[in-house]
Amino acid sequence: MSKLNVAIDGPAGAGKSTVAKLLADKLGLLYIDTGSMYRALTWKALQLNYDFNDTAALAELSSEVMIKLITDNQNYRVFIDGEDVTGKIRQPEVSQRVSLVARIPEVRKNMVRQQQSMAASGGVVMDGRDIGTRVLPDAQAKFFLTASIEERARRRQRDLKQKGYHVPLETLMAEISQRDYIDQNRETDPLVPAEEAIIIDTTGLTINQVVEQMVQHIENVSDCK
Ligand code: CDP
């Protein structure tokens, strides 16, 4: 069997990154957060005062920048053009615009190419929106995580509070709904579960319960090979 690749997709705040990190640790795989690449690009465009309706300029920017992920599981860092933007890409200003950048086909082409090369030798847990459908269609295990919008906004509010941002719940629910809408309705690689994805509704489940379900499924898949 080729080295295991795991794809985790789902809407904003469904808990993908938390469970993906734990799962990667448990299985001795490398965690790759593809959303951080779209976020880094969006952060750069904000710094350079780009017009977010100018798709041609954003597409060009995506082919010029150098995004680097340091994927040591204990210390995950994101760099763009040599600058460490790990914390900065979680700012609400980035979250509000990232889906506008991620819907541009040329931007996706550039990001997907880099993501596929990172996973080429196998052994990754990758999370995003199009991992099971587009980036890693041959992944041995595919999961799609969901949760109610209220729960997702509450989780996001807790995360942001830890990072020093106080955002009202209603604001987060509106932002998440809008982002989901754009992600689900864009023309290129919209957010949909891969046909063979295991769908897990994480509402009311603990992180460990979700990770356990995933591990069990992966063990079954591995036994079948
Ligand atoms: O962490 P959160 O669920 O808020 O989102 P993220 O994974 O950081 O992704 C931020 C945004 O990047 C998403 O809302 C998508 O618009 C875009 N994205 C994408 O289009 N494809 C991916 N594989 C990953 C993220």
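Below is a summary of the structure that appears in this document. (Residues numbered from 1 in each chain as written. Predicted model: local features only at pLDDT ≥ 70, side-chain atom pairs only at ≥ 80, totals over all residues. Heavy atoms only, no water.)

1. Regarding unusual backbone geometry
Right, so step 1: If you check the backbone angles, N49 has positive phi at about 60° while not being a glycine.
Right, so step 2: Relative to the elements of secondary structure, N49 occurs in the loop between α2 (35-47) and α3 (55-64).
Right, so step 3: The backbone of D81 sits at a positive phi, close to 45°, despite the residue not being glycine.
Right, so step 4: The topology assignment puts D81 in the loop between β4 (75-80) and β5 (83-84). (Helix = DSSP H or I, 4+ residues; strand = E, 2+ residues; numbered from the N terminus.)

2. A word on the sheet that holds strand β3 (residues 67-72)
Right, so step 1: In space, the 3 strands of this open sheet follow the order β3-β4-β5, with antiparallel pairing throughout. A strand with exactly one partner marks an edge of an open sheet, and here the two such strands are β3 and β5.
Right, so step 2: Pairing between β4 and β5: 2 bridges, direction antiparallel. Bridged to F79 within β5 is D84.
Right, so step 3: Packed onto the sheet, α2 meets β3, β4 and β5 and runs at close to 40° relative to β4. (Pairing = 2+ DSSP bridges. Contact = heavy atoms within 4.5 Å. Axes fitted to C-alpha atoms, helices over the stretch in contact; angles between N-to-C directions.)

3. Points about the packing of aromatic side chains
Centre distance and the angle of the planes are the two values used to describe a pair of aromatic rings.
Right, so step 1: Enumeration according to the criterion identifies 1 aromatic pair in this entry.
Right, so step 2: Ring centres of Y31 and Y76 lie 5.3 Å apart, and the angle between their planes is 45°; on these two criteria the pair is classed as tilted. Of the two residues, Y31 is situated in strand β2 (residues 30-33) and Y76 in strand β4; the sequence distance between them amounts to 45 residues.
Right, so step 3: Exposure remark for Y31: the relative accessible area of 2% places this residue in the buried category.
Right, so step 4: The exposure class assigned to Y76 is buried, which follows from its relative accessible area of 14%. (Phe/Tyr/Trp six-rings, centres within 6.5 Å; stacked < 30°, edge-to-face > 60°. Buried < 20%, exposed > 50% of the residue type's maximum accessible area, 1.4 Å probe, protein only.)

4. Focus: the packing of α2 against helix α4 (residues 92-102)
Right, so step 1: Two numbers describe how α2 lies on α4: the axes approach to 8 Å, and their chain directions differ by 105°. Regarding the angle of α2 to α4, the classification is roughly perpendicular. Residue-level inspection shows Y38, R39, L41, T42, W43 and L46 of α2 in contact with α4, the latter providing E93, V94, S95, R97, V98, V101 and A102.
Right, so step 2: Of the residues belonging to the contact of α2 with α4, the class tally is 8 nonpolar, 2 polar and 3 charged. (Parallel < 35°, antiparallel > 145°, perpendicular 65-115°, else oblique. Nonpolar A, V, L, I, M, F, W, Y, C, P; charged D, E, K, R; others polar.)

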